[in-house]
Amino acid sequence: MTVVRTVLGDVLPEELGVCDAHDHLFLSSPLLAGQELNDASAARAELAAFRAAGGGSVVQWTPYGMGRRAADLPLLSRATGVQVVAATGLHQAAHYTPESLAEPRRGGLAELFVSELTTGIGTSGVRAGLVKVAGGFHALDAHTRWTMTAAAEAHHATGAPIAVHLELGTGALDVLDLLCGELEVPPHRVILGHLNRSPDLVTQRQAAGSGAYLAFDGPSRTNHATDWRMPDAVSALADAGFGERLLLGGDTTTAGARSVDGGPGMPYLLRRVRPRLELALGERLVELMLTVNPGRAFGVDWR
């Protein structure tokens, strides 16, 4: 049976409702010192605001070692009525200290991912529903190859989808060559993030043509320079027959970006982005991107 693995257990894909396919309730990194998402009360308020705007589910892409607070996620999900999907995985090396990577290097990275997908994250009992990894700016360094190789091994062991942070939206084809070519991950199990940050329509069409999912995530004040091009990019992909491969997300990464702290936050995706896209593209395509496609992207016949 195909199900989405949430922090409260496995659910049918159609139970996700309106889905923010890439966001963060908790996140910390040396690169974002002083801007951490680490306030559980603010996370609850943000989820509640998203729910009030019509949201039904959020996929948190926060991976291992970045303050994901897995034990808090079921409490927040129950309190707000929003389905939450947690992640295992590993981000770029710059987000970690050498000490924080000692355990996954010692115990085996793929084994860590599989354990968090099937048994639970730490002692929380919360199982991850995806593996999150990251590429570099137009490049795949040794750290990236290590993490993506482990992610592919975890996929082959469990069926889990692999979500990829593309640095400034670049490197999509190199990522697909590695994951789907060399490491033999089926393209429909790969979700490429941040395509809106590099509005290269040719590359986007090539990536969609592979069978991978493309996430247009992070419309906010920090990424506004490319926001206005997103309707054209989505329209071009839909016209080329790839409407079923497109996802939308908010990607809130700092405390100041939360709606409850004065930023756009999770509700912005439904309050502003959704109606804007509906005017440009029609309600049917936007509904597909927010409700049907996430269930397909994150739904798994788990092994």
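Residues numbered from 1 in each chain as written. Predicted model: local features only at pLDDT ≥ 70, side-chain atom pairs only at ≥ 80, totals over all residues. Heavy atoms only, no water.

Caption draft 1: Local environment of the overall build of the protein. The helix and strand inventory of the protein stands at 11 helices and 11 strands. For 303 residues, the compact-globule estimate of 2.2 N^0.38 gives 19 Å, and the C-alpha radius of gyration of the protein, at 17 Å, lies within 12% of that figure. Considering only C-alpha atoms, the protein reaches an extent of 50 × 45 × 40 Å along its principal axes. Buried residues in the protein amount to 58% of all 303 residues. Partitioning the intrachain contacts of the protein with sequence separation of at least 6 by distance along the chain shows that 76% fall at a separation of at least 24. In the form shown here, the protein has an accessible surface area of approximately 11700 Å², with 51% of it arising from carbon and sulfur atoms. The centroid of the 25 positive side-chain charges in the protein is displaced by 4 Å from the centroid of its 32 negative side-chain charges. (Helix = DSSP H or I, 4+ residues; strand = E, 2+ residues; numbered from the N terminus. Rg over C-alpha atoms; globule rule 2.2 N^0.38 Å. Buried < 20%, exposed > 50% of the residue type's maximum accessible area, 1.4 Å probe, protein only. Contact = heavy atoms within 4.5 Å. Areas by Shrake-Rupley, 256 points an atom, 1.4 Å probe, with all protein chains shown as cover. Lys, Arg positive; Asp, Glu negative; His and termini not counted. Charge placed at Lys NZ, Arg CZ, Asp CG, Glu CD.)

Caption draft 2: Quick peek at the side chain of D23. Examined against the element boundaries, D23 turns out to sit in strand β3 (residues 19–23). Buried charge without a salt bridge: D23, with R258 as the nearest opposite-charge side chain at an N-O distance of 7.8 Å. At 3.4 Å, the side chain of D23 and the backbone nitrogen of D251 are in polar contact. Contact partners of D23, with chain neighbours within four places excluded, come to V58, V59, Q60, W61, G250, D251, T252 and M266. (Salt bridge = Lys/Arg side-chain N within 4 Å of Asp/Glu carboxyl O. Polar contact = N/O pair within 3.5 Å; in protein donor to acceptor, adjacent residues only side chain to side chain.)

Caption draft 3: The arrangement of the sheet that holds strand β5 (residues 83–85) in detail. Pairing is parallel in the open sheet, where 3 strands are placed in the order β3-β4-β5. Both outer strands of the open sheet, β3 and β5, are each paired with one neighbouring strand and no more. The average angle at which neighbouring strand axes cross in this sheet is 15°, direction not considered. Examined bridge by bridge, strand β4 (residues 57–60) and β5 share 3 bridges and lie parallel to one another. Within β5, the position partnered with S57 by the bridge is Q83. (Pairing = 2+ DSSP bridges. Axes fitted to C-alpha atoms, helices over the stretch in contact; angles between N-to-C directions.)

Caption draft 4: Geometry of the pattern of salt bridges. Under the counting rule described, the total for this entry stands at 9 salt bridges. Across the pair D72 and R69 runs a salt bridge whose closest N-O atoms are separated by 2.7 Å. Judged by its relative accessible area of 33%, R69 falls in the partly exposed class. E244 is paired through a salt bridge with R296; the nearest N and O atoms lie 3.7 Å apart. You can see E244 sitting in the loop between α9 (230–239) and β11 (246–249) and its partner R296 sitting in helix α11 (residues 283–298), a full 52 residues away along the chain.

Caption draft 5: How the structure looks around the side chain of H22. Tracing the chain through its elements places H22 in strand β3. With relative accessibility at 1%, the residue H22 sits in the buried group. A polar contact of 3.4 Å, which involves the side chain of H22, links it to the side chain of H24.

Caption draft 6: The sheet that holds β11, seen in detail. The strand order across the open sheet built from 6 strands is β6-β7-β8-β9-β10-β11, with neighbouring strands paired in parallel fashion. Edge positions in the sheet fall to β6 (87–89) and β11, since each of these pairs with one other strand and no more. Adjacent strand axes in the sheet meet at a mean angle of 30° when their direction is disregarded. Of the pairings in the sheet, the one linking strand β7 (residues 130–134) to strand β8 (residues 162–165) comprises 4 bridges and is parallel in character. Among the inter-strand pairings, K132 is bridged to a residue of β8, identified as A163. Those strands touched by helix α6 (residues 172–182) are β8 and β9 (190–193), and its axis lies near 160° from that of β9.

Caption draft 7: Quick peek at the pairing of β11. Because side chains alternate across β11, one face comprises the buried residues L246 and L248, and the other comprises L247 and G249, equally buried. Sheet topology note: the strand β10 (residues 213–217)/β11 ladder contains 4 bridges and is parallel. Bridge pairing in β11 places D217 opposite G249.

Caption draft 8: A look at helix α5 (residues 142–158). Here α5 is 17 residues long and its end C-alpha atoms lie 24 Å apart, about the 24 Å a rise of 1.5 Å per residue gives. Of the surrounding elements, those touching the buried residues of α5 are α3 (102–107), α4 (109–118), β7, β8 and α6. For α5, the N-terminal capping position is held by D141, with its side-chain oxygen 3.2 Å away from the main-chain nitrogen of H143. One or two residues past the end of α5 sits G159, with phi positive at roughly 95°. (Expected span 1.5 Å × (residues − 1).)

Caption draft 9: Molecular detail of the nonpolar core. Counting 78 residues, the largest nonpolar core has F113, V131, V164, L179, V190, L192 and F216 as its most contacted members. Looking at this core element by element, the count peaks at 6 residues for α6. Once residues within four sequence positions are removed from consideration, V190 is found in contact with I162, V164, L176, L179, C180, V185, A212 and Y213. One finds V85, A215, L247 and F298 within the second-largest nonpolar core, a separate group that totals 17 residues. (Core = buried A, V, L, I, M, F, W, Y, C linked by side-chain atoms within 4.5 Å.)

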